[in-house]
Amino acid sequence: FNNYLLILFLFIALFILIPIIEISLFIEIGSIIGSFYTIMLIFVTAIVGVFFVRQQGISTFQKLTSQLQNLETPVQTMFEGLVILISGILLITPGFFTDALGFLGLIPFSRIIFIKLVASYILSRYGKNENTQTETIEGDFVEINDEEEQ
């Protein structure tokens, strides 16, 4: 039941709250700088975002390759690559709120904080085995051999 509420909340946030925030920001920023400059700002942030995503993606891929060649486990680097990918998607999506989230994902410090928050949530939810029951159930058994019955 708890998982359904989480999915419902994520659905509401993704498809209702974020567009409302974006439309509000479009209206506010458009009233301050004008509609033409607002549209141009959306395109500029998308272009700059793609540039930074490409740059950081290549850097992360080189780091991943180096770690694999040194027989290291690149778990952190893989998660950084995932956050960079999500940031790229957010930066391409038109809107100021999604652009702000996307640029936060490109800053290494905030990216590491985000990864640690998600990792701690996943580990607290799925990592520990809460069933630490050490009871032994005793019983008798009877061995049945099909060949002896014939």
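Rules and cut-offs
Residues numbered from 1 in each chain as written. Predicted model: local features only at pLDDT ≥ 70, side-chain atom pairs only at ≥ 80, totals over all residues. Heavy atoms only, no water. Axes fitted to C-alpha atoms, helices over the stretch in contact; angles between N-to-C directions. Helix = DSSP H or I, 4+ residues; strand = E, 2+ residues; numbered from the N terminus. Parallel < 35°, antiparallel > 145°, perpendicular 65-115°, else oblique. Left-handed = near helix turned anticlockwise from the far one by under 90°. Contact = heavy atoms within 4.5 Å. Salt bridge = Lys/Arg side-chain N within 4 Å of Asp/Glu carboxyl O. Buried < 20%, exposed > 50% of the residue type's maximum accessible area, 1.4 Å probe, protein only.

Looking at this structure, how should I read the packing of helix α1 (residues 2-33) against helix α2 (residues 35-69)?
At their nearest, the axes of α1 and α2 sit 7 Å apart, and the two run at 120° to each other. Here α1 is positioned oblique relative to α2, judged by the angle of their axes. With respect to the hand of their crossing, α1 and α2 are arranged in right-handed fashion. Contacts between α1 and α2 involve Phe-26, Ile-29, Gly-30 and Ile-33 from the former and Ser-35, Tyr-37, Thr-38, Leu-41 and Ile-42 from the latter.

Please explain the pattern of salt bridges as it appears in this structure.
Opposite charge on two side chains allows them to pair when their charged atoms are near. One pass over the full model with this rule turns up one salt bridge. Between Glu-80 and Lys-63 there is a salt bridge, and its shortest N-O distance comes to 3.9 Å. Of the two residues, Glu-80 sits in helix α3 (residues 75-92) while Lys-63 sits in helix α2, which places them 17 residues apart along the sequence. The exposure class assigned to Lys-63 is partly exposed, which follows from its relative accessible area of 37%.

When you look at the environment of Phe-43 in this model, what are you seeing that I'm missing?
On the secondary structure map, Phe-43 appears in helix α2. Residue Phe-43 is classed as exposed on the basis of its relative accessible area of 52%. For Phe-43 and Ile-86, which are 43 residues apart along the polypeptide, the C-alpha to C-alpha distance reads 18 Å.

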